[in-house]
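Here is how the chains run, residue by residue.
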Amino acid sequence: MPDFSISGYHGRVLVADLTRGEVRTVPLDPDTALHYLGGRGLATRLLYDTIDPACDPLGPDNAFVIASSPLVGANAPTAGRGHMVFKSPLTGVIGTSNSGGTWGAAFKSAGYDALVVKGAAASPVMIDLAPGRAQILPAEGVWGKTTHETNDALSAASEPGHPVRVLCIGPAGENLVRFAAVANDRNRVYGRCGPGAVWGSKKLKAIRVQGREKISIADPERYRSGLDQAVYLMKQAPVTKRLMRDLGTAGLVELINLIAMLPHKNFQDCLHREEDVERISGETLAKTLLEKAGSCYLCPIGCQRHTRVAGRAGGEERGEGPEYETMVLMGPLCGIYDMAAITRANYRANEQGLDTMSYGGTLACAMELAERGLIGREETGGLDLAFGATEALESLVGMTARREGLGASLAEGAYRLAAGRGRPDFAMTVKKLEIPAYDPRASLTQALGYMTSPSGACHLRGGYAVSLAFFGGAKEIPRFSLLQSPIAIRNMQNLGILQDSLGVCRFTGYAFAADPWARMVSGVTGRDFSVARLEEIENRVATLERLFNVEAGATAEDDSLPARFADVPIVVEGKERRVSREDQERMKKDYYAVRGWDAEGRPTPELLRTLGIKGKRP
């Protein structure tokens, strides 16, 4: 293999063909690295070069790619994340998912920059990686086991000083639940868009890594200047200094309710009793269930919640979470304010390998269908499916993962569940991905973020607009600004692309933006990654993701919200607010223009040439 001259990279991509049972190492093209950086950007490029975007997401022609970044392996704060990209079986467009924990850093230290997995095995397999070793092994012994059981069984091969890290699916992935997750460190997950179902369709149970390879830093002085500034700013910003460690993400519950954005009963309204909200707040979690805070690899923030809760059958259970999204989407969105029930359901979802966000959104949709008489007791196996039904919340986790009874319908996600009963308008999704726990009627900017997110409704890939209106300081913008929303959401999306491509945590954005990262990545690589250069990469990745979706069959019509958000208002600051169809059209047309796409949201040939992107179609 030829020498790879860019520090921070190993220069190696591992390609595993499960149909052939073969693994091979190919060189990473230096120009590709410089044009797409790593993580999300590099993974998207490799996926686009590997598959036809029109392929069957659950067929052997789909693939998934996990990529690291040049900062992973250095001591940059939070730089240990991995990014996975695939065609989503839930949405039919690009699936993009991110995870913390330790697996991403362990994968990089195994000596690879990216992993491409394609084809499908005839029987359960796992991939075993270490420096100088890459093999496909039988996995019948762990097929059918939970994510926790699989992690514990496969990590038993650890040696002192050289721990084994495991990435795996649970029963939900094996049974092709369309929103199945992939888990590492037991409770860290690549959650959104159904990567676990892609793994299950390939009969891939796990990837085990063990590594000790290091990277070099080309310009230590420049790297240190960015690192020192980043650490200083993270120690000053209230969110990264203290708030997340004290309360975790659940600390947002009362704030989001205060700004009339906390969804209720499948987004029918945002009305809650104050005492109910207090029952599921981060403050209450800290007082009642929290054992200790925890951190991902190299993270000084410490937002993890290690918790304990009374078990339904007596005794205590221990686990992680719930996070804000889980607390709300499996809580008030389903009319539930029982923190213990939400926590137990969260534990079960982690063990079974389910995305808690899509599960909560799908269950809330089912509850509304039941409220309208479209799901009866005969279909639920006697479970009460009314809003507020905590037994259904907990019991249906396992039934969904196993595709038993009503769980078989829930396993298809909210859109297919509702459309199959003649009411697709009850599915609160964009591009068939369930909407996160922020009502878009309370922020036009967040509404546009959901609409234009490449992976469907996502507050991360679409841009976290809540921070722009309430935590942005000098950068704050009005949340109902039609004029400012397209540029603001483009900028937030681009910052997210940068963070995902560098393998760092989104919460660093509360302390600083691109400049410290620019100096750190320039220092590691010895190449010029100025803020302007990084912005060019961000725009290139956003456009390639859009090109993938266009070639997968997505159109401008898919960039829209469910009818409820245009037709049914909520009250915010004393005024009725909705996101009218006219406002949606205006914002997305302006957004397309800001991106340099045509009026139908397609990247123009001129833009593709300018960004150096070659598509599959002439």
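In this text, all values refer to a predicted model and were calculated from it rather than measured experimentally.

**Things to note about helix H4 (residues 147-154)**
Every buried residue belonging to H4 is among Thr147, His148, Thr150, Asn151 and Leu154, and all of these are buried. Axial view of H4: buried residues confined to an arc of 165 degrees, hence all on one face. Considering only its buried residues, H4 is in contact with strand E7 (125-130), strand E9 (165-168), strand E10 (182-184), strand E12 (204-209) and helix H13 (339-352).

**Details of the packing of aromatic side chains**
One pass over the full model with this rule turns up 11 aromatic pairs. Between Tyr592 and Trp597, the ring centres sit 6.2 Å apart and the planes meet at 40 degrees, which makes this aromatic pair tilted. Like Trp597, Tyr592 is buried. An aromatic cluster is built from Trp103, Phe107 and Tyr112, whose rings are joined through pairwise contacts.

**Details of unusual backbone geometry**
Cis geometry is adopted by the peptide bond preceding Pro322, which originates at Gly321 and carries an omega value of 10 degrees. A positive phi angle is found at Lys203, which is not glycine, with a value near 60 degrees. With respect to the element layout, Lys203 can be found in the loop between helix H6 (195-201) and E12. Judged by relative accessible area, Lys203 falls into the partly exposed class, the value being 29%. One non-glycine residue with positive phi stands out, namely Asn266, at about 60 degrees.

**Regarding the sheet that holds E7**
Read across the sheet, six strands follow the order E8-E7-E12-E9-E10-E11 without closing on themselves; strand pairing throughout is mixed. At either margin of the open sheet sits one strand with a lone partner, and together these are strand E8 (133-138) and strand E11 (188-190). With direction set aside, neighbouring strand axes in the sheet form an average angle of 20 degrees. In this sheet, E11 lies alongside E10 in antiparallel orientation, the contact comprising three bridges. Across the sheet, residue Asn184 finds its bridge partner in E11, namely Arg188. Of the strands in this sheet, E7, E9, E10 and E12 touch H4, which is tilted by about 145 degrees from E9.

**A look at the nonpolar core**
The nonpolar side chains of soluble globular proteins are, as a tendency, buried together. If you look at the biggest cluster of nonpolar residues, it comprises 189 residues, and the most contacted ones within it are Phe64, Leu71, Ile207 and Leu396. When residues of this core are assigned to their parent elements, the largest contribution, eight residues, is made by helix H14 (residues 356-371). Look past the residues within four positions of Leu71 in its chain and what remains in contact with it is Ala76, Ala79, Tyr223, Leu502, Val504, Trp517, Met520, Val521 and Val524. Membership of the second largest hydrophobic core comes to eight residues, among which are Ala139, Val142, Leu154 and Val166.

**What about the domain arrangement of the protein?**
Per the domain assignment, the segments making up the protein are domain 1 (12-209), domain 2 (250-433) and domain 3 (443-510 + 530-611). When each unit is reduced to the centre of its C-alpha atoms, the spacing between domain 2 and domain 3 is 26 Å. Domain 2 puts 23 residues into the contact, and the matching count from domain 3 is 29 residues. Approximately 1900 Å² of surface area, both sides summed, lies buried where domain 2 meets domain 3, with 70% of it carried by carbon and sulfur atoms. One can count two salt bridges joining domain 2 with domain 3. Across the pair Asp559 and Lys431 runs a salt bridge, and its minimum N-O distance is 2.8 Å. Applying the counting criterion to the domain 2 and domain 3 interface returns eight residue pairs in polar contact (both at pLDDT 80 or more). Secondary structure elements with two or more residues in the side of domain 2 that touches domain 3: helix H9 (253-258), H14 and strand E16 (429-430). Grouping the constituent residues of the side of domain 2 that touches domain 3 by class yields 16 nonpolar, three polar and four charged.

**Focus: empty space enclosed by the protein**
Summed over the entire model, instances satisfying the criterion amount to two cavities of 30 Å³ or more. Here the largest cavity is characterised by a volume of approximately 100 Å³. If you trace the largest cavity, you find 15 residues lining it, with Thr452, Pro454, Ala542, Glu545 and Trp597 closest to the centre. Residue assignment for the lining of the largest cavity shows that the elements contributing at least two residues are helix H21 (485-502), helix H23 (531-552) and helix H25 (581-595). Considering every element that reaches the lining of the largest cavity, the biggest residue donor is H23, with four residues. Taken together, the residues that form the lining of the largest cavity break down as five nonpolar, four polar and six charged.

**Looking at the layout of surface pockets**
Rolling a probe over the atoms, with the probe sized like a water molecule, indicates the empty space that remains. Quantified by volume, the second largest pocket comes out at close to 420 Å³. In this structure, the second largest pocket is lined by 21 residues; those nearest its centre are Tyr415, Thr429, Lys431, Lys432 and Asp558. Within the lining of the second largest pocket, the residues separate by chemical class into 10 nonpolar, five polar and six charged.

**Description of the pattern of salt bridges**
Scanning all chains against the criterion turns up 46 salt bridges. Salt bridges here are not isolated pairs; linked through shared partners, they connect Arg40, Arg461, Asp500, Arg506 and Glu545.

Definitions and limits used
Residues numbered from 1 in each chain as written. Predicted model: local features only at pLDDT ≥ 70, side-chain atom pairs only at ≥ 80, totals over all residues. Heavy atoms only, no water. Buried < 20%, exposed > 50% of the residue type's maximum accessible area, 1.4 Å probe, protein only. Helix = DSSP H or I, 4+ residues; strand = E, 2+ residues; numbered from the N terminus. Arc of directions from axis to C-beta. Contact = heavy atoms within 4.5 Å. Phe/Tyr/Trp six-rings, centres within 6.5 Å; stacked < 30°, edge-to-face > 60°. Pairing = 2+ DSSP bridges. Axes fitted to C-alpha atoms, helices over the stretch in contact; angles between N-to-C directions. Core = buried A, V, L, I, M, F, W, Y, C linked by side-chain atoms within 4.5 Å. Domains from an automatic or database assignment. Buried area = accessible area lost by both parts, 1.4 Å probe. Salt bridge = Lys/Arg side-chain N within 4 Å of Asp/Glu carboxyl O. Polar contact = N/O pair within 3.5 Å; in protein donor to acceptor, adjacent residues only side chain to side chain. Nonpolar A, V, L, I, M, F, W, Y, C, P; charged D, E, K, R; others polar. 1 Å grid on protein atoms, 1.4 Å probe; cavity = no way out; pocket = protein on both sides within 12 Å on 5 of 7 lines; lining within 4 Å. Points joined across faces, edges and corners; volume = space filled by probe spheres on them.

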